[in-house]
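Chain by chain, the residues:
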Amino acid sequence: VAAAVTLVGVGSAGMASSPCGGGNFDCGLEIQTRSVEQTLIPLVSQITTLINHKDKLKKTEKTLRAIQRVGQAVSVAVGRFVAVGEAIAAENEDLKDEMGLACFEARRAGTAIAQLTDVSSLEQCEGDGRSTVFSDRTGMVKAARMLLSSVTKVLVLADCIVIKQIISSRNKVLVTLEQLERVSTFQEFVQIFSQFGNEMVEFAHLTGDRQNDLKDEKKRARMAAARAVLEKCTMMLLTASKTCLRHPDCESARINKEAVFQRMRLALEQVIEIVTDTRSDGEAKALPVSIYAGIKDFKVKVEGLRDSLCCVSCEAVAAQLEALMEKTEDFTDSAYTSHEQRETIIQLCQITRQETKQLINTWRHAQSLKAKEATDEMELSILKTCQSISDLRRELHKVAVGRATELLKLHSDHLVLKALKASGGDGNLEAVADYAGTLTEHKEQLVETCRLLCHISGTEPLEITCIHAEETFRVIGPQIISAAQTLALHPTSKIAKENLDVFCEAWESQLCDMAILLKEINDVFEGRRGKHSANLKTVKAAKLDAEEQTTIAKLGLELCLFTSDVDSEVERWDEQDHEMVRLCQIISSMAYSMYLFTRILILSETEKLSDACQQLQVCAKTPVQGKSAIFQKVMQYNSYRLFLYISEWSR
């Protein structure tokens, strides 16, 4: 789209400006979503067809009819499009004037194109002095520019309405969030949380659509991180608030609850910053430059020396290298880096410094000779410098990935979490304190490892995901400890136990996400870069329409709330072993478990359908010879068919 838009002079960034003198459309708006870009593609294609016609094209009847059909199609499409734009303007007072002007310009441009392509009576047109697409190419280009600029403006303004919907939804969530924070009774909490759940479902739906529509990969990754926080914090908010209501004088319960509310507010603010492309403090927050990004830029500058013998400062190259060497201290200064790894990194840094110094010397020598191109000696130095910095990157990757792999194995049994749950349930504050110290140490290890992974991740979206993982471990660790302390103070409280379980599950979930992140980083490093899993989940969302997604999400929240309510009320009953109590708990738990099963286990199996279908097609098309090969192919084909049948049945 960008190339075609540039062809008619609108601008590669989607900047809208009217060249026809009718209204000023230098709006400086950039197309940020795929939907707007995709909407422009058919229009750009048709207009390009009209503009790129040959001046000396043979004017056969077939050619005339074809040009006229394209022009009419553009005019009709613009008419329908403008009608929608005008309807939007009528419903949105604050955009009425801008949208109205854009629609007016689009309609006028569409009419101009229809007139220029009306070549049914070409000889009569030429006799009357009327312009056509053959006689007024400049007029067609001007009309095309006006049409694309005005249509782009209409689309961008319509997109502003989507942004307004997200902001409005966020505001409703914030108001209800404040109400939840101030409730003092269970009855009031249940009522408000039900409303909060509905509002969060709406917000999740709007932001999910927006995330998928964003063109910028970094914004999609940031949106995914913020939405993941909101999703996980919704359950934490439920249990943390109920624990605080049940034990209002418990300081650790209060701290636990406040941390959840604060994190949700920050995530909501981040979503708005992304969709509005602004920051609350008025300043853009740049990502810290990772070692990978620094190495990539350094190699570009080094290789650029051969073409810039007279205008590049070798001091700048040396300074950039030293900045890179400073960042490697995150690896060498770590208490968890082995002595051998530390020595290897330091040695590779020294080699890179030496090669860079030699390169600068050869570059200066070439300058002194007034060489017009790089000498053989300089070419060799460039290759050696790039090789040494690549070797350093490979070693840093090995260290970071090795550390992450070891930690994931170490924490796979979740022994510390189990010990905290057991100690809290026993009311053993001293044991909780001991295991809290161990968890804090694990948290610091994971936080540092995420920081190292960020350095070598290879793409900016993955860097953002690493930062999200680092922040998650940093926040959830203390929350688990405060939840365990609350349980130790109230060991018979089922609500306090449920609250600790929820935070422990969030920790385990983040470890699973880290394993996926580690695989993606390895894929990028080895040149197998696939689509970044921006949803940060082990299981992808099902292909459901908006209504089905909303219904399932609401039912899930309601089931979770009802299950939790049953447990809350049961605690007040004196006869804990009453048969009715036991049955209510079982039914409630089964209902929520069935929801989770449907949402997770079956969906995880259906995700394999696409790969199985591809394998089935490949198997069917692959030619074989011989009885053994044919038998093996039939068996393989039937096994794929059986898997597809079972998967389809499970759906």
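These figures come from a predicted structure and were not determined experimentally. Position numbers for residues count from 1 along each chain, tracking the sequence in the order it is written. Two thresholds apply to this predicted model, a pLDDT of at least 70 for residue-level local features and 80 or more for giving and counting side-chain atom pairs, whereas whole-chain, interface and lining totals are computed over all residues. To obtain the side-chain values, all non-hydrogen atoms of the structure were included, while hydrogens and water were left out.

1. Some details on the overall build of the protein chain
Here is step 1 of the chain: The numbering of helices and of strands both runs from the N terminus, where a helix is a DSSP run of H or I of at least 4 residues and a strand a run of E of at least 2. Within the protein chain one finds 22 helices and zero strands.
Here is step 2 of the chain: Contacts between residues were defined by any pair of non-hydrogen atoms, one from each residue, lying within 4.5 Å. In the protein chain, of all internal contacts separated by at least 6 residues, the share reaching a separation of at least 24 is 77%.

2. Notes on the packing of aromatic side chains
Two measures describe an aromatic ring pair: the distance that separates the ring centres and the angle between the ring planes.
Here is step 1 of the chain: Centre distance within 6.5 Å is the pairing criterion for rings of Phe, Tyr and Trp, where only the six-membered ring of Trp is used; planes under 30 degrees apart are then read as stacked, over 60 as edge-to-face, and the remainder as tilted. Applying the stated criterion across every chain yields a total of three aromatic pairs.
Here is step 2 of the chain: Aromatic side chains Phe473 and Trp507 sit 5.2 Å apart centroid to centroid with 70° between the ring planes, which places their arrangement in the edge-to-face category. On the criterion of sequence distance, the pair formed by Phe473 in helix H17 (residues 460–489) and Trp507 in helix H18 (residues 494–525) is long-range, its members being 34 residues apart.
Here is step 3 of the chain: Think of it in three bands: with a 1.4 Å probe and only protein chains considered, a residue is buried below 20% of the maximum accessible area for its type, exposed above 50%, and partly exposed in between. With a relative accessible area of 0%, Phe473 lands in the buried category.
Here is step 4 of the chain: Residue classification places Trp507 among the buried positions, given a relative accessible area of 3%.
Here is step 5 of the chain: A connected cluster of aromatic rings, assembled from ring pairs, spans Phe189, Phe193 and Phe196.

3. Description of the nonpolar core
Here is step 1 of the chain: Residues Phe196, Leu237, Met264, Phe331, Leu453, Ile480 and Trp507 are the most contacted members of the largest nonpolar core, which totals 103 residues.
Here is step 2 of the chain: A per-element tally of this core places H18 first, with 14 residues.
Here is step 3 of the chain: These domain limits were set by an automatic method or by a database of domain assignments. Built from parts of two domains, this core gets at least three residues from each of domain 2 (183–286 + 413–526) and domain 3 (291–403).
Here is step 4 of the chain: Once residues lying within four places of it in the same chain are set aside, the contact partners of Ile480 are Leu417, Leu420, Leu439, Leu500, Phe503, Cys504 and Trp507.
Here is step 5 of the chain: Note on terminology: a nonpolar core comprises buried Ala, Val, Leu, Ile, Met, Phe, Trp, Tyr and Cys residues joined through side-chain atoms within 4.5 Å. Counting residues in each nonpolar core, the second largest holds 26 residues, with Cys103, Met140, Met146 and Ile161 among its members.

4. What about the confidence of the model for the protein chain?
Here is step 1 of the chain: As a per-residue quantity, pLDDT reports the predictor's confidence and falls between 0 and 100. Per-chain confidence: the protein chain averages 78 in pLDDT, with 68% of residues scoring 70 or above.
Here is step 2 of the chain: Taken as a whole, residues 1–28 scores under 50 in pLDDT and shows 63 contacts with residues more than four places along the chain or in a different chain.
Here is step 3 of the chain: Counting interchain partners and residues more than four positions distant, the pLDDT-below-50 stretch residues 534–543 has 26 contacts.

5. A short note on the packing of H17 against H18
Here is step 1 of the chain: What counts as an axis is a line fitted to C-alpha atoms, over the stretch in contact for a helix, and the angles between N-to-C directions run from 0 to 180 degrees. Contact pair H17 / H18: the axes reach a minimum separation of 9 Å and the direction vectors enclose 160°. Between H17 and H18, the angle is such that the two are roughly antiparallel. As for the relative orientation of H17 and H18, their crossing is left-handed in sense.
Here is step 2 of the chain: Taken together, the residues of the contact of H17 with H18 sort by class into 20 nonpolar, eight polar and two charged. The labels follow the angle: roughly parallel below 35 degrees, roughly antiparallel above 145, roughly perpendicular from 65 to 115, and oblique for the rest. Each crossing gets its handedness from the near helix: less than a right angle anticlockwise from the far helix is left-handed, clockwise is right-handed. Only Asp, Glu, Lys and Arg are considered charged in this grouping, and only Ala, Val, Leu, Ile, Met, Phe, Trp, Tyr, Cys and Pro are considered nonpolar; every other residue, Gly among them, is considered polar.

6. Quick notes on the pattern of salt bridges
Here is step 1 of the chain: Here, a salt bridge means any side-chain nitrogen of Lys or Arg that lies within 4 Å of a carboxyl oxygen of Asp or Glu. What the rule picks out here adds up to 26 salt bridges.
Here is step 2 of the chain: Arg210 is paired through a salt bridge with Asp159; the nearest N and O atoms lie 2.6 Å apart. In this pair, Arg210 sits in helix H7 (residues 186–213) while Asp159 sits in helix H6 (residues 137–182), placing the two residues 51 residues apart along the sequence.
Here is step 3 of the chain: For Arg210, a relative accessible area of 4% gives the class buried.
Here is step 4 of the chain: In this structure, Asp501 and Lys421 form a salt bridge, with 3.6 Å as the shortest nitrogen-oxygen distance. Taken as a pair, Asp501 in helix H18 and Lys421 in helix H15 (residues 415–425) lie far apart in primary sequence, 80 residues in all.
Here is step 5 of the chain: Assessed through its relative accessible area of 18%, Asp501 is described here as buried.
Here is step 6 of the chain: For Lys421, a relative accessible area of 28% corresponds to the partly exposed category.
Here is step 7 of the chain: The network of salt bridges with shared partners includes Arg451, Glu470, Glu471 and Arg474.

7. Focus: the environment of Thr356
Here is step 1 of the chain: For Thr356, the location among the structural elements is in helix H13 (residues 339–368).
Here is step 2 of the chain: Distance from Thr356 to Ser388, taken between C-alpha atoms, is 9.2 Å for residues 32 residues apart in sequence.
Here is step 3 of the chain: Apart from the residues lying within four places of it in its own chain, the contact partners of Thr356 are Phe298, Val317, Leu321 and Thr385.
Here is step 4 of the chain: By the criterion applied in these results, polar contacts are pairs of N or O atoms within 3.5 Å in which, for protein atoms, one can donate a hydrogen and the other can accept it, and in which residues neighboring in sequence qualify only through two side-chain atoms. A polar contact of 2.7 Å, which involves the side chain of Thr356, links it to the backbone oxygen of Thr352.

8. As for a negative patch on the surface
Here is step 1 of the chain: Patch membership is restricted to residues that have no salt bridge and whose relative accessible area is over 30%. Joining uses 9 Å for like charges and 5 Å for the nonpolar side chains Val, Leu, Ile, Met, Phe, Trp and Tyr. Note on areas: Shrake-Rupley, 1.4 Å probe, and residue coverage restricted to the protein chains presented here. Charge counting follows a simple rule: Lys and Arg are positive, Asp and Glu are negative, and His as well as the terminal groups are ignored. Charge positions come from single atoms, namely NZ of Lys, CZ of Arg, CG of Asp or CD of Glu. Taken together, the side chains of Glu326, Glu329, Asp330 and Asp333 define an acidic patch exposed on the protein surface.
Here is step 2 of the chain: Turning to its location among the elements, Asp330 is positioned in helix H12 (residues 329–332).
Here is step 3 of the chain: Overall, Asp330 belongs to the partly exposed group, its relative accessible area being 34%.

9. Some words on H13
Here is step 1 of the chain: Compared with the 44 Å implied by 1.5 Å per residue over 30 residues, the 44 Å span of H13 between its first and last C-alpha is a close match.
Here is step 2 of the chain: Of the residues trailing H13, Lys370 is marked for its positive phi of about 55°. Here the expected span of a helix is defined as 1.5 Å times the quantity of residues minus one.

10. Topic: unusual backbone geometry
Here is step 1 of the chain: Despite not being glycine, His414 shows a phi value in the positive range, around 55°.
Here is step 2 of the chain: Along the polypeptide, His414 turns up in the loop between helix H14 (376–410) and H15.

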